[in-house]
Amino acid sequence: MKRPGKYKEQADDYLQACYAGQDAFFKAVLEAASRRFELEGVSFYEYDEKTSLLRLRLRLLRGVVFEHEENSMLAADSIGLTALKTLQPVSFKGPAGYFAALPFRLDYSGAL
């Protein structure tokens, strides 16, 4: 599956994006999720367990991927924190609309 020409800084194929670096990989993931589920926007957050901050890293909105830095602190009883700890997907409604959270853990060690 080919990406649109506007993402020329990335690999030519979604399957090759992982070899073009971490940013290219996550941009390809956001775009693929947006296309597959017909979403207007998709965001990638990283959870810092030491500081308990949820950090927004990348956002795809209306077809444009941009870097974004925003930190959020999750409440101890929040559905988001529960999802992060159990690695289970959740959906919820917030002031800005409906959301789905799909938590996952990345292993950067290279071990199989």
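Just so we're clear, the structure is a prediction, and the values are computed from it rather than from any experiment.

Visitor: So what's going on with the overall build of the protein? Residues and values would help.
Guide: Helix and strand counts for the protein come out as two helices and five strands. Along the protein, helices (α) and strands (β) appear in the sequence α-β-β-β-α-β-β when read from the amino end. For the protein, buried positions account for 25% of its 112 residues. Sequence separation of at least 24 residues holds for 22% of the intrachain contacts in the protein that already meet a minimum separation of 6.

Visitor: Account for unusual backbone geometry, with residues named and values stated.
Guide: Unusually for a residue other than glycine, Glu38 sits at a positive phi of about 50°. With respect to the helices and strands, the residue Glu38 is situated in the loop between helix H1 (22-37) and strand E1 (41-48). We note that Leu87 has phi near 55°; this positive angle belongs to a residue other than glycine. Relative to the helices and strands, Leu87 resides in the loop between helix H2 (79-86) and strand E4 (90-94). On the basis of relative accessibility, which here comes to 35%, the residue Leu87 falls in the partly exposed class.

Visitor: Talk me through the pairing of E1; I want residue IDs and the actual numbers.
Guide: In this sheet, strand E2 (residues 53-61) lies alongside E1 in antiparallel orientation, the contact comprising eight bridges. By the bridge assignment, Glu46 is partnered in E2 with Arg55. As consecutive antiparallel partners, E1 and E2 are separated by four residues, and within that stretch Ser52 has a phi angle of approximately 60°, a positive value.

Visitor: Would you mind going over the sheet that holds E2 in detail, with residue names and values included?
Guide: The strands that make up a sheet pair up through hydrogen bonds in the backbone, lying either parallel or antiparallel. Taken together, the three strands give an open sheet; going across it, the order is E1-E2-E3, and neighbouring strands pair in antiparallel fashion. On the outer flanks of this sheet lie E1 and strand E3 (64-73), each paired with one strand and no other. Neighbour to neighbour, the strand axes of the sheet diverge by 20° on average, direction disregarded. Against the sheet, H1 makes contact with E1, E2 and E3, and its axis sits at roughly 65° relative to E2, the strand it touches most.

Visitor: Summarise the pattern of salt bridges; cite the residues concerned and give the values.
Guide: Counted by the stated rule, this structure contains five salt bridges. Close ionic contact of Glu46 with Arg57 constitutes a salt bridge, the shortest N to O distance being 3.0 Å. Highlighted residues: Glu46 in strand E1 and Arg57 in strand E2, separated in sequence by 11 residues.

Visitor: Could you give me a rundown of a nonpolar patch on the surface, with the residues and numbers involved?
Guide: Taken together, the side chains of Leu61, Val64 and Phe66 define a hydrophobic patch exposed on the protein surface, amounting to about 220 Å² of accessible area. Inspection of the secondary structure puts Val64 in strand E3.

Visitor: With reference to specific residues and values, describe the pairing of strand E5 (residues 97-101).
Guide: Two elements, E4 and E5, share five bridges in a ladder whose sense is antiparallel. Each bridged residue has a counterpart across the sheet, and for Lys93 the counterpart in E5 is Tyr98. If you look at the hairpin formed by E4 and E5, you'll find two residues sitting between the two strands.

Visitor: Help me get a handle on the nonpolar core, residues and values and all.
Guide: Core analysis: the biggest nonpolar cluster contains seven residues, these being Phe26, Leu30, Val42, Phe44, Leu58, Leu60 and Val65. Put simply, the parts of the chain that give this core at least two residues each are H1, E1 and E2.

Criteria and cut-off values
- Here the residue numbering is sequential within each chain, running from 1 through the sequence in written order.
- Only residues with pLDDT of at least 70 are given local features in this predicted model, and only at 80 or more are side-chain atom pairs given and counted; all residues enter the totals for whole chains, interfaces and linings.
- Only heavy atoms go into the side-chain values, all of them from the structure, while hydrogens and water stay out.
- The helix and strand labels rest on DSSP assignments: H or I over at least four residues marks a helix, E over at least two residues marks a strand, and numbering proceeds from the N terminus.
- Think of it in three bands: residues with accessible area under 20% of the maximum for their type are buried, residues over 50% are exposed, and the middle band is partly exposed, with areas taken using a 1.4 Å probe on protein chains only.
- Throughout, a contact is declared for two residues whenever any of their heavy atoms are within 4.5 Å.
- Strand pairing follows a simple DSSP-based rule, namely that at least 2 bridges must link the two strands.
- Axis geometry follows a simple rule: fit a line to the C-alpha atoms, using only the stretch in contact for helices, then measure angles between N-to-C directions, giving values from 0 to 180 degrees.
- Here, a salt bridge means any side-chain nitrogen of Lys or Arg that lies within 4 Å of a carboxyl oxygen of Asp or Glu.
- Each patch groups residues whose relative accessible area exceeds 30% and which form no salt bridge, using 9 Å between like charges and 5 Å between nonpolar side chains of Val, Leu, Ile, Met, Phe, Trp and Tyr.
- Each accessible area is a Shrake-Rupley estimate made with a 1.4 Å probe; only the visible protein chains count as cover when residues are assessed.
- To form a nonpolar core, buried Ala, Val, Leu, Ile, Met, Phe, Trp, Tyr and Cys residues must be joined to one another through side-chain atoms within 4.5 Å.

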